[in-house]
Amino acid sequence: MATLVFLHAHPDDEATSTGGTMALAHDLGHRVVWICCTDGSQGTRTGDADESVSQVRRREARASAEILGVDRLVFLEHQDSGMHGWASNNDPEAFMNVDPQVVGADVAGILDEEDADVLVGYDWHGNYGHPDHIMVHKVMNAAADQAARRPRVLQATMNRDAMRDGYDPELGGIDPDAPGDDGNPFGTPESELAWKVNVNETVMRKRAALAAHESQEDAKQLLAIPDEFFALGFRHEYFIEEGRGPMVEAWPFD
Ligand SMILES: [Zn+2]
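Criteria and thresholds
Residues numbered from 1 in each chain as written. Predicted model: local features only at pLDDT ≥ 70, side-chain atom pairs only at ≥ 80, totals over all residues. Heavy atoms only, no water. Donors = N, O, S within 2.8 Å, 3.2 Å for Na, K, Ca; no water. Tetrahedral: all angles 85-135°; square planar, octahedral: opposite > 155°, others 65-115°. Buried < 20%, exposed > 50% of the residue type's maximum accessible area, 1.4 Å probe, protein only. Helix = DSSP H or I, 4+ residues; strand = E, 2+ residues; numbered from the N terminus. Pairing = 2+ DSSP bridges. Contact = heavy atoms within 4.5 Å. Axes fitted to C-alpha atoms, helices over the stretch in contact; angles between N-to-C directions. Expected span 1.5 Å × (residues − 1). Bend = angle between axes of the 7 residues up to and from the residue.

(A) Highlighting the coordination of the zinc ion. Surrounding the zinc ion are the protein donor atoms His 10 (ND1), Asp 13 (OD), Asp 13 (OD) and His 133 (NE2), at 2.0 to 2.5 Å. Around the zinc ion, the 4 donor atoms sit at angles spanning 55 to 139 degrees, and that spread fits a shape best called irregular. Mapping the donors of the zinc ion onto the primary sequence gives the spacing H-x2-D-x119-H.

What follows is the structure in structure tokens.
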């Protein structure tokens, strides 16, 4: 059995991007570690004044971890940078402005404690250009370089070609060729992918994990999708692994 460490930017990214793979890994007996880099403090603020946004999000993340079968959840508590162009980007403490080598050393420490076999992060532009997601890519590389035993590195991404096939301008949704937060199109062309993971078995747990982030507007929008369409849209998760390809539909962690 392997130890898999998933590096995510905000609470709820684990659900939308790799939730199915995390739950499947748990079911297959692997150890699943989730490192949440930011406090999610730029997320949707709800009415309850007794809890800060980051407290709410930590609570929701724990509930999600429970659903996905996460063995260890680590909060790095960096300050959420917000979307590209927000005033919060200018804060020197924002995650996007920290030194990726320094955070990479912290993550490498966890990789060493866990003697991790695999580190999962994001592609070079963070799938859709969110500055904190781009930082996750940099931290992923810095951590893998600094780990005592270099883990396999997988980059979670979206399949731009599959997204295009599923996109109907009449129905709305995301046009993968339109510029994302940083001006780049969404995800990665299929020709650059290594793994297509079928998470049909766990896709409803992925949905439940997303529902744990009930304070968040983005989550609510996705949860408005009827179950059967959610299952169709979210039953595949895609990963880049350097040196591997063309893409195969298989379980990457045997
Ligand atoms: Zn995020």
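That was the structure; now back to the text.
(B) Region of interest: the pairing of strand 7 (residues 236-240). With respect to burial, strand 7 is a largely interior element, 4 of its 5 residues being buried. For strand 5 (residues 152-157) and strand 7, the ladder comprises 3 bridges, and the chain directions are antiparallel. From the neighbouring strand, Gln 155 faces strand 7, where its bridge partner is Ile 240. In terms of strand pairing, strand 6 (residues 195-198) meets strand 7 through 4 bridges, oriented antiparallel. Directly across from Val 197, in strand 7, lies its bridge partner Glu 237.

(C) Layout of the sheet that holds strand 3 (residues 72-78). Read from one edge of the open sheet, 8 strands run 3-2-1-4-5-7-6-8, paired in mixed fashion. Since the sheet does not close on itself, it has two edges, and those belong to strand 3 and strand 8 (248-249), each with one partner. Here strand 2 (residues 31-38) runs beside strand 3; their pairing, made up of 5 bridges, is parallel. Looking at strand 3, one finds that Cys 36 is bridged to Phe 75. Where helix 5 (residues 131-146) meets the sheet, it contacts strand 1 (3-8), strand 2, strand 4 (118-122) and strand 5, and its direction lies at approximately 155 degrees from that of strand 4.

(D) Structural context of helix 1 (residues 13-27). The end-to-end C-alpha separation of helix 1 is 20 Å, in line with the 21 Å expected for 15 residues at 1.5 Å each. Of all the bends in helix 1, the greatest measures close to 75 degrees and is centred on Gly 19. Where burial is concerned, most of helix 1 is hidden: 11 out of the 15 residues are buried. Within the span of helix 1, buried status applies to Asp 13, Glu 14, Ala 15, Thr 18, Gly 19, Gly 20, Thr 21, Met 22, Ala 23, Leu 24 and Ala 25.

Purely spatial values, then, with no claim about function.
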